[in-house]
Amino acid sequence: MVDLTRLNSAQHQAVTAPDGPVLVLAGPGSGKTRVLTLRIAYLVGARGISPDRLLAVTFTNKAARVMEERVSQMLGGQKQALDGIWMGTFHAMCARLLRREARDHLPIKSNFIILDSDDQESLIKRILKEMNINDKTVKPSSVHAAISTAKNELIDPQDYPSSNYRDQIVRRAYLRYQELLRENNAVDFDDLLLLSVRLLQANDVLRRHYSRRFQHVLVDEFQDTNTAQYELVRLLSSENKNLFVVGDEDQSIYRWRGADFRNVLRFEQDYPGCVKILLEQNYRSTQTVLDAARAVIDKNRDRTRKALFSERGAGEPIQFHEAVDDRAEAQYVVDTIVSMVASGKAKPGDFAVMYRTNAQSRLLEEAFLRSGQPYRLVGAQRFYGRREVKDLIAYLRLALNPDDELSLLRAIGVPPRGIGDRTLDGLRAVAAQNRTSPGQVLLSLGTLGEESPFWAAFRGRGAAMLADFGAQLAGWSSAAENIPLPILFDRILDEIAYREYIMDESEEGQDRWDNVQELRRIAYEYENRGLAAFLENIALVSDQDTVPENQEAPTLLTLHAAKGLEFAQVFIIGLDEGILPHSRSRDDPEEMAEERRLFYVGLTRAKDRLYLVRSLRRSSYGSYEDSLPSRFVEDIPAWLLKHSGQRRTSYTSRGFGAYSIGGYAPQDVTWAAGTGQAKPPSQQAGPVVQPRYQPNYRVRHPVWGEGLVVDSRIIDGDETVDVFFDSVGFKRLVASLANLEIIQ
DNA sequence: AAGGCCCTTCTTTTT
DNA sequence: GAAGGGCCTT
C-alpha cells in the first residue's frame, strides 16, 4: 500500500520506527521530507491510525501544504484520506488551539487579533513615549526584541528581571504591553506559543485531552524550535510519548528568533530511550559541493558530526569570482546565467541567487532588468507588510471588531479625514472616562449624531468629523458578517475613496493599487470562508509561503528563505567580511557560528554547480568601501575552487593581525595572491606558553591607539588578547601579529 | 490638520 | 540611500 521499497536502510528505519520518541538527524538532501511524508502515510496506511489522531508541525504553511498533498497521493490520491489531521505551523496550530479554548480558559476572547511585528513595535513605541523614555537611549526595537525573547523563553512579565536600569525599563514596558494587548483583545506572534503552553500547563484536563487525542506528534525542522515550542511539543505528546522529530543542528539559522539547536541534544536527554537515526546519504549534490560544505561546517562545535556522502561523483569545481564592485558582482551573475543558457547547458529556472540581506537584491534586480532577463524575487518587502495592504486590513479588522483600537488608530488617519492628534486624544479620553472603547464612542456618534451622549464632549468640528467616520464604521460593522467578503471589501474601498487617495501622480501609485487588487483577489478566495478566516490566514502567512511556483526564471532569495529548497545551480553573492558573516555577528561566537551555518545552508542547496561571488568594494551608506573576502570562503579547500575575476586580496593585508571571535585565525592557511594554491603558515612566531598581557593592562596599538586588556590566553601556541580600545571598542588580537605596546 | 522639506539614522535574517 | 522624525508653512 505505502511503497517503502526505494528507501535506504536508515530512511526505512525512520519511516517504520516503532512507537516512542524518535530523533531523526537528517543532513541536507538526505530525503528528510520524504521520510516525514512517508512516516505519516505509513502511520495512516499501514498502521491504521486515524488522521485525526495525528499532529504534524512544519515550519511554513507551504511545507504543510506540500506534505499534505504528497501524503494524500501516497494514500491513493483522495483528499479526504487525511481528513481531521492537524498539520501546520506552530503558530497556526496554537491560534487554532487558543481560539477553541479562549472562551473557557483564557484572558482573551476567541476573536482576538494577531499582531505582526510592525504592530508590536509601534505599540512599544507608544508605551515608551507614555513612560517618558527617550527612544534614543532605549530603542523600541531592542525592547521589542527583549520582550520577544522573554516570551520565547516562557518568562512572564512579572518574572522579568529588574537587576539593572535597562531590565527595569523592559520589565515595565513588558507589563504595560501585555496589559494593552489584553485590553485590545490582541495577541502577538509569541503569545500564540506562550499562551498555549500556559494553557496546557495550568489545566491538566486540557493537557490530557489533547495529548491523548494526538496519538502521534511529528515535528519538522526541530533544530529551529525555541523553548516555548519545545515545551509545547512535550506537553502535547505527554500521554502517548510518540514524538517523532526531524532536524539538523547544522541548519539551525533562527537563533535570533529564540531557536536553539541544542533542543536536539536536550531531546536525547529528556527521552533517554529514544531511537536516533542519522540520514547521511545525500541525494542532491555532487561530492565537490558536499566536501566544501563539510569543510565549512566542521569548524563548528556542539554538533553531531555527520559523514555526508553522495554517489553522484565529483562534478564541477566551485567557481569563486571576485568582481571589482557590487554592481559588477550583480552583472557577473546575470552574464553567467545568460551564457550558460545560451550554450544550452542550463535553463533559466535552474538558477538561484542567494544573499545575506534583502538590500542586496536591488543591484541584482537592476542587472536583470538592464539585460532584459526575467527573474523571480522571494520576499524582499513582505506583501502583507506593505502600507496599503496594512491600511485595508486595518479597516477589515475594524469592521469585524470595532473595539480593536489599534486598527482604529491606523484606519482613522488614512486617508486623512480631518481628524488629528488633538481630536484623537479627545476621543480616547472620552472612551476611557466612560469605560468603553473609542470604537463604541465612534459608533454612538455615527448612529445617534447630536443625540449621542458623547456629542457634547467634542468641540464642533471634531464631533462632526468623528460622527462621519462613525457612521461609515457602523455600516461596515453591520455588514461585516452579513455580506460576502469581496463586496464588503469593495464597499470600503469605495466609501473611503482609497483609489483616489493612493493613485496620486507618484510612480508608486500604480504599484500600490496593484497590491490592493492582489489583496482583493485573495479576498475572493475567502468568499465562502468569511472575513475572520481571511484575517487569520493573513496574520499567519510567511514570505516562504509565497515563493512563486513558476520554474521559468532564476530565483532571487535570502539565504534564510533558501532553506529547504534546492536548485541545479546556485550563486551565493556578497562573500565579504561584514556581509557574510554579517558585521552584527562579529563579536559573538554563537552568532558567528550561526552565520557559518547559514553559509552551509546556502552551499548545500546546490545540486550541480556552485558560484561564490564577492566584490572588492561595495557601496554601504552611499559611498564605496573596500571589503575583504569572507573567512568562510577561505575555509574551503583550494582544490575545490576555480578562481576568476580580480585578484584576491591576500590574508596578510587583512587587518593588523586582528581577527574576530569564532572564526578564522591568521595562522590557519595563507594564500599566495591569485594562484589558487595553498602555502603553509607564514607568520608563525615561536610557540608562546605564558601570556604576556594581563587583564587591566593599558596597551597601545599602532592603529587603534590605547585600550584596556580584558582577557588574554594561549590558543594554538599564540597569545590571544581581548582589548577594549577607547577608539573602536572591543577587538580580539593575536599578540604576535598585533604589535601591542604595554603602557602600564 | 496636513503636507513638504530637511535632518538624522541605520541596515540581518522572519513565524 | 531610504525611511522616519521634527519642524515649518499653508
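Counting starts from 1 at the beginning of each chain's written sequence and moves along it residue by residue. Here the convention is simple: chains get letters from A, ligands get numbers from 1, in the order in which they are written. Side-chain atom pairs in this predicted model are given and counted only at pLDDT of 80 or more, local residue features only at pLDDT of at least 70, and totals for whole chains, interfaces and linings cover all residues. Side-chain measures here rest on the full set of heavy atoms in the structure, leaving out hydrogens and waters.

1. Here we look at empty space enclosed by the protein
Alright, step 1. Both site types are read off a 1 Å grid over the protein atoms alone. A 1.4 Å probe that fits but cannot get out defines a cavity, while an open set with protein on both sides within 12 Å along at least five of seven lines defines a pocket; lining residues have an atom within 4 Å of a point. Grid points are joined across faces, edges and corners, and a volume is the space filled by probe spheres set on the points. Here the structure, examined in full by the defined rule, presents 4 cavities of 30 Å³ or more.
Alright, step 2. Roughly 70 Å³ of internal volume is contained in the largest cavity.
Alright, step 3. If you go around the largest cavity, the residues you meet are Asp250, Leu290, Ala293, Arg294, Ile297, Arg303, Lys306, Leu308 and Tyr600.
Alright, step 4. In terms of residue count, helix H12 (residues 287-297) provides more of the lining of the largest cavity than any other element does, 4 residues in total.
Alright, step 5. Ten residue types, Ala, Val, Leu, Ile, Met, Phe, Trp, Tyr, Cys and Pro, are classed as nonpolar, four, Asp, Glu, Lys and Arg, as charged, and the remainder, Gly among them, as polar. Taken together, the residues that form the lining of the largest cavity break down as 5 nonpolar, no polar and 4 charged. The helix and strand labels rest on DSSP assignments: H or I over at least four residues marks a helix, E over at least two residues marks a strand, and numbering proceeds from the N terminus.

2. What about the packing of aromatic side chains?
Alright, step 1. Working definition: a ring pair exists when centres of Phe, Tyr or Trp rings (six-membered ring for Trp) sit within 6.5 Å. Plane angles under 30 degrees give stacked, over 60 give edge-to-face, the rest tilted. Inspection of every chain in the model, using the stated rule, returns 18 aromatic pairs.
Alright, step 2. Remark: a charge is flagged as sitting over a ring if the NZ atom of Lys or the CZ atom of Arg is within 6 Å of the ring centre and within 35 degrees of the ring normal. Its end group placed over the ring of Phe112, Arg99 keeps NZ or CZ at 3.9 Å from the ring centre.
Alright, step 3. Here Arg617 stacks its cationic end above the ring of Tyr624, 4.2 Å away from the centre of that ring.

3. Quick word on the sheet that holds strand S8 (residues 275-279)
Alright, step 1. By this definition, two strands are paired if DSSP reports at least two bridges between them. Judged by pairing direction, the sheet is parallel, and its 6 strands sit side by side in the order S3-S2-S6-S7-S1-S8 without closing on themselves. What marks the edges here is a single partner per strand, and that holds for strand S3 (86-89) and S8. Taken pair by pair, the neighbouring strands of this sheet meet at an average axis angle of 10°, ignoring direction.
Alright, step 2. Pairing of strand S2 (residues 54-58) with strand S6 (residues 216-219), which is carried by 4 bridges, proceeds in the parallel orientation. If you follow Leu55 over to S6, its bridge partner there is Val217.
Alright, step 3. Every residue pair with non-hydrogen atoms within 4.5 Å of one another is taken to be in contact. Comment: axis = line fitted to C-alpha atoms, over the contacting stretch for helices; angle = value between 0 and 180 degrees taken between N-to-C directions. Across the face of the sheet, helix H2 (residues 32-45) comes into contact with strand S1 (22-26), S2, S3, S6, strand S7 (243-247) and S8 while running at roughly 170° to S6.

4. Observations regarding the confidence of the model for chain A
Alright, step 1. The predictor attaches a confidence to each residue, and that confidence, scored 0 to 100, is pLDDT. Confidence along chain A averages 85 in pLDDT terms, with 90% of residues attaining 70 or more.
Alright, step 2. Considering only residues more than four positions removed or in separate chains, one finds that residues 649-684, a stretch of pLDDT under 50, has 74 contacts.

5. A few points about the protein's contact with DNA strand C
Alright, step 1. The rule for a residue being near a molecule or strand is that one of its heavy atoms must lie within 4 Å of it. The full set of residues close to DNA strand C is Lys125, Arg362 and Tyr621.
Alright, step 2. The contact atoms of DNA strand C, taken as those within 4 Å of the protein, divide so that sugar and phosphate hold 27%.
Alright, step 3. In the model, a phosphate oxygen of DNA strand C is placed 2.9 Å from a nitrogen or oxygen of the Lys125 side chain.
Alright, step 4. We define a polar contact as two N or O atoms separated by no more than 3.5 Å, with the added condition that, inside protein, one atom must be a possible hydrogen donor and the other a possible acceptor, whereas residues neighbouring each other in sequence contribute only through side-chain atom pairs. Residue Arg362 places a side-chain N or O atom 3.4 Å away from a phosphate oxygen belonging to DNA strand C.

6. A word on the pattern of salt bridges
Alright, step 1. For this analysis, a salt bridge means a side-chain nitrogen from Lys or Arg found within 4 Å of a carboxyl oxygen belonging to Asp or Glu. Counting across every chain of the model gives 59 salt bridges.
Alright, step 2. The closest approach of N and O atoms between Asp250 and Lys306, which form a salt bridge, is 3.5 Å. Here Asp250, found in the loop between S7 and helix H11 (262-270), pairs with Lys306, found in the loop between H12 and strand S10 (309-310); they are 56 residues apart in sequence, far enough to count as distant. A single burial state applies to Asp250 and to Lys306, both of which are buried.
Alright, step 3. Linking Glu706 and Arg698 is a salt bridge whose minimum nitrogen-to-oxygen distance equals 3.3 Å.
Alright, step 4. Among the charged side chains, a salt-bridge network with shared partners connects Asp248, Glu249, Asp250, Arg294, Asp298, Arg303, Arg305 and Lys306. To sort residues, take the accessible area from a 1.4 Å probe on protein chains only and compare it with the maximum for the residue type: under 20% means buried, over 50% means exposed, and anything in between is partly exposed.

7. A look at the packing of helix H20 (residues 485-495) against helix H22 (residues 508-525)
Alright, step 1. At a minimum axis separation of 8 Å, H20 and H22 run at an interaxial angle of 155°. Accordingly, the angle class assigned to the pair H20 and H22 is roughly antiparallel. Crossing of H20 against H22: the hand is right-handed. Of the residues in H22, those in contact with Leu485, Pro486, Phe489, Asp490 and Leu493 of H20 are Trp513, Val516, Leu519, Arg520, Ala523 and Tyr524. Geometric relationships in this document are graded by angle, where less than 35 degrees denotes roughly parallel, more than 145 denotes roughly antiparallel, 65 to 115 denotes roughly perpendicular, and other angles denote oblique. Helix crossings fall into two classes, left-handed where the near helix is turned counterclockwise from the far one by less than a right angle and right-handed where it is turned clockwise.

8. Points about the pairing of strand S16 (residues 606-620)
Alright, step 1. Pairing between strand S11 (residues 318-325) and S16: 6 bridges, direction parallel. Directly across from Gln319, in S16, lies its bridge partner Tyr611.
Alright, step 2. The sheet contact formed by strand S15 (residues 567-572) and S16 spans 5 bridges and is parallel. Looking at the pairing, Phe567 lines up with Ala606 of S16.
Alright, step 3. Between the end of S16 and the start of strand S17 (residues 623-626), which pair antiparallel, lie 2 residues, with Tyr621 showing a positive phi angle near 70°.

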